[in-house]
Amino acid sequence: MKIDEFFEKFPKCNAYSNKLFINEILSPMYGDYEAQRHWMEITINTVPEEWYKNTTNNDLNYWGLDYPPGSAYFAYFWGTIARFIQPDLVELYQSRGIETPAAKVFMRLSVIAADLIFYIPIALLIAFKLTLYKSKQWPDKFEMATFLLLNPAILLIDHGHFQYNGVSLGLCMAAILAYDKNYPNLCAMFFTLSLNFKQMNLYLALPFFFTLLSYSFWGGNGNMRRTKRVSLFILSSPSSLLRRLNILFQIAMTTIITFIIHWLPLCSNIFFQQNKNKDNTCSDTSSSSSSSQCTTTTGEMMVVTNHDKMIQCKDTLIQMLIRLFPFNRGLFEDKVANIWCSIDPILKLKRRERLIPYLPMIAGICTLILSLPSAYALLRRAPTTRTFLHALSSTGLAFFLCSFQVHEKSILVPLLPIALLAPDGRSKVGLFVTVSVFSLYPLLEKDLLGVQYLVVFTAWIVLNHVVQGGYISRLILIGMVLIHLCPYVFGIIDKLPHLWILLNCIYSCGLFILFWIWVTRRMLYEC
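Rules used throughout
Residues numbered from 1 in each chain as written. Predicted model: local features only at pLDDT ≥ 70, side-chain atom pairs only at ≥ 80, totals over all residues. Heavy atoms only, no water. Patch = residues over 30% accessible without salt bridge, like charges linked within 9 Å, V, L, I, M, F, W, Y side chains within 5 Å. Areas by Shrake-Rupley, 256 points an atom, 1.4 Å probe, with all protein chains shown as cover. Salt bridge = Lys/Arg side-chain N within 4 Å of Asp/Glu carboxyl O. Helix = DSSP H or I, 4+ residues; strand = E, 2+ residues; numbered from the N terminus. Buried < 20%, exposed > 50% of the residue type's maximum accessible area, 1.4 Å probe, protein only. Disulfide = S-S within 2.5 Å. Axes fitted to C-alpha atoms, helices over the stretch in contact; angles between N-to-C directions. Parallel < 35°, antiparallel > 145°, perpendicular 65-115°, else oblique. Left-handed = near helix turned anticlockwise from the far one by under 90°. Contact = heavy atoms within 4.5 Å. Nonpolar A, V, L, I, M, F, W, Y, C, P; charged D, E, K, R; others polar. Polar contact = N/O pair within 3.5 Å; in protein donor to acceptor, adjacent residues only side chain to side chain. Core = buried A, V, L, I, M, F, W, Y, C linked by side-chain atoms within 4.5 Å.

1. A look at a nonpolar patch on the surface
Part 1 of the argument: The grouping of Tyr471, Ile472, Leu475, Ile478, Val481, Leu482, Leu485, Tyr488, Val489 and Phe490 at the surface amounts to a nonpolar patch, some 1100 Å² of accessible area in total.
Part 2 of the argument: Tracing the sequence through the fold places Ile478 in helix α21 (residues 471-490).
Part 3 of the argument: Owing to a relative accessible area of 46%, Ile478 belongs among the partly exposed residues under this scheme.

See the structure below:
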């Protein structure tokens, strides 16, 4: 039965309870479900050079690829499997909007498999092996594991809105664990892998940079007793200085090589396969030769030098970066719980034409200012894992609140390190997860995931005893309930159709600012 026929036959409430991936029905572009499937279609039917370019076979206006190469290779992997077991799922052009039961099952299983490989094993390792939890008893560690595995925000976004955030978050957790166990090169590699899977992990790049820089300077992390009282006299020893420079060099080379491995295949067709021009296809070439020749249809000889190939490769990489960082989309999209969206109704930032060119710079400066406390905390002494997690949380929130082009689901980035701090403040961390899920409601409601949101949201509050977190927690929960009731009590106001959604954003943003103050203060004075 077609989806349209389904809605005609059954009431809308039935669709809520029987549809897990509602996102796939939102015509004409079907939502993020279709975006992920379309990327599988594009990556296996076009060469890597075309993945980020608008070509005959790749219409960027129809869910053009805007994630880093790691996500593209991931889509290629699943697209290859789909081509083998269900070719119609990734058939070029013809597969757009496919909604067969087999297609839905395949896409659902791909997310579950990704979580089983990347997210769940690392979450279990973190819960049972992280130094921060070393003194905890096994029941407490098991509770921490369930806290990570049953995170409602990740469940709703990955399995409802439809994403593969579990992969990038799992790699990020692996980087944190590697630092905790004194493996800086693995830390750099895993974080670079996560960054090349989803660019929103750039929110955590500054803490990782300063942490690994501090690790190189102090010769280890703060979990080791021998690094706790190291002073500046270490620089007076040439051998000690060389050893620390060697650590920094290894970390830098690990990062660079990981980037090259991700980015170089995008130019593989340029260097190692056939070269094309407007007239005809040139003969096979190799990057080992300084130039190559081909004959056009008019009989003219055309020389393609390695310099030309380098220019083509550079253009390909620049096009990829343009897709990853779309500054032309404006300060923010939709309704997101950050500072810019909250103050825009009053200041009208997106309508001030003279101010628009400076908005990226203003957002960047504000973000860096809020990130400075983390840099100071990480450099003043060898950072412990506890300090590192606080810095990740503080900077992640700073980027979410102030950076340019923030999406609702980006709250998953600061949510990860804050969730790992649960042993230090279970009630506050549980409340932060609750606020994060609440802030996602505008996105989930647009995807017709209201019932799923209500069930998961309520279950989290009950199972984690959020109500018992004190009178402040109760007041915050009451505020959330009242905001949810407003559209049903007062209805949609014609002149202000987005009022209640905006109220959700402003309320959540205010709470996120308070959480930033809380985690930053703890980082500076208690770590």
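Next comes the rest of the write-up.
2. Points about the state of the cysteines
Part 1 of the argument: Scanning the model with the defined rule gives 1 disulfide in all.
Part 2 of the argument: The cysteine Cys341 is free of any disulfide, with Cys505 supplying the nearest cysteine sulfur at 4.6 Å.
Part 3 of the argument: Overall, the relative accessible area of 2% leaves Cys341 in the buried class.
Part 4 of the argument: Overall, the relative accessible area of 0% leaves Cys505 in the buried class.

3. A closer look at the packing of helix α15 (residues 359-379) against helix α22 (residues 499-525)
Part 1 of the argument: It is at 10 Å that the axes of α15 and α22 come closest, and there the two elements cross at 20°. On the basis of their axis angle, the class for α15 and α22 is roughly parallel. Along this stretch, α15 crosses α22, giving a crossing that reads as left-handed. For the pair formed by α15 and α22, the contact residues are Leu370, Pro373, Ser374, Tyr376 and Ala377 on the first element and Trp516, Thr520, Met523 and Leu524 on the second.
Part 2 of the argument: Within the contact of α15 with α22, the residues separate by chemical class into 7 nonpolar, 2 polar and no charged.

4. A few points about the environment of Tyr67
Part 1 of the argument: Examined against the element boundaries, Tyr67 turns out to sit in the loop between α3 (31-45) and α4 (69-85).
Part 2 of the argument: Tyr67 gets classed as buried once you look at its relative accessible area, which sits at 11%.
Part 3 of the argument: Once the C-alpha coordinates of Tyr67 and Gln199 are considered, the two residues, 132 residues apart in sequence, prove to be 6.8 Å apart.
Part 4 of the argument: A polar contact of 3.1 Å, which involves the side chain of Tyr67, links it to the side chain of Gln163.

5. A look at the environment of Val429
Part 1 of the argument: Locating Val429 in the fold gives a position in helix α18 (residues 426-439).
Part 2 of the argument: Separated by 37 residues in the primary sequence, Val429 and Val466 place their C-alpha atoms 9.6 Å from one another.
Part 3 of the argument: When neighbours within four sequence positions are excluded, Val429 is seen to be in contact with Phe147, Ile418, Ala419, Leu421 and Ala422.

6. Concerning the side chain of Asn504
Part 1 of the argument: The residue Asn504 is located in helix α22 in this model.
Part 2 of the argument: With sequence-adjacent residues up to four places away left out, Asn504 is seen in contact with Phe438, Ser439, Tyr441, Pro442 and Ile483.

7. Some remarks on the nonpolar core
Part 1 of the argument: Ile126, Phe208 and Phe512 are the most contacted members of the largest nonpolar core, which has 96 residues in total.
Part 2 of the argument: Grouped together as the second largest cluster of nonpolar side chains are 36 residues, Trp51, Trp78, Leu171 and Leu317 included.

8. Remarks on the pattern of salt bridges
A side chain with one charge may pair with a side chain of the opposite charge, provided their charged atoms come close.
Part 1 of the argument: Enumeration according to the criterion identifies 7 salt bridges in this entry.
Part 2 of the argument: Arg37 is the salt-bridge partner of Glu41, the closest N and O atoms lying 2.9 Å from each other. Linking Glu41 with Arg37, this pair stays in helix α3, spanning 4 residues, or about one helical turn. Neither residue differs from the other here; Glu41 and Arg37 are each classed as buried.
Part 3 of the argument: The shortest N-O distance in the salt bridge between Arg521 and Glu526 comes to 3.5 Å.
Part 4 of the argument: Taking relative accessible area as the criterion, Arg521 reaches 48% and is therefore assigned partly exposed.
Part 5 of the argument: In the salt-bridge network here, residues are joined through shared partners; they are Glu34, Arg37 and Glu41.

9. What about helix α7 (residues 152-162)?
Part 1 of the argument: Among the 11 residues of α7, 10 are classified as buried, and the element is accordingly described as predominantly covered.
Part 2 of the argument: Residues of α7 that are buried include every one of Pro152, Ala153, Ile154, Leu156, Ile157, Asp158, His159, Gly160, His161 and Phe162, and no others.
Part 3 of the argument: Its side-chain oxygen at 3.1 Å from the backbone nitrogen of Ala153, Asn151 defines the N-terminal cap of α7.

10. Looking at the environment of Leu477
Part 1 of the argument: Structurally, Leu477 can be placed in helix α21.
Part 2 of the argument: Separated by 11 residues in the primary sequence, Leu477 and Val466 have C-alpha atoms spaced 8.7 Å apart.
Part 3 of the argument: Other than its neighbours up to four places away in sequence, Leu477 contacts Thr434, Ile461, Val466 and Val467.

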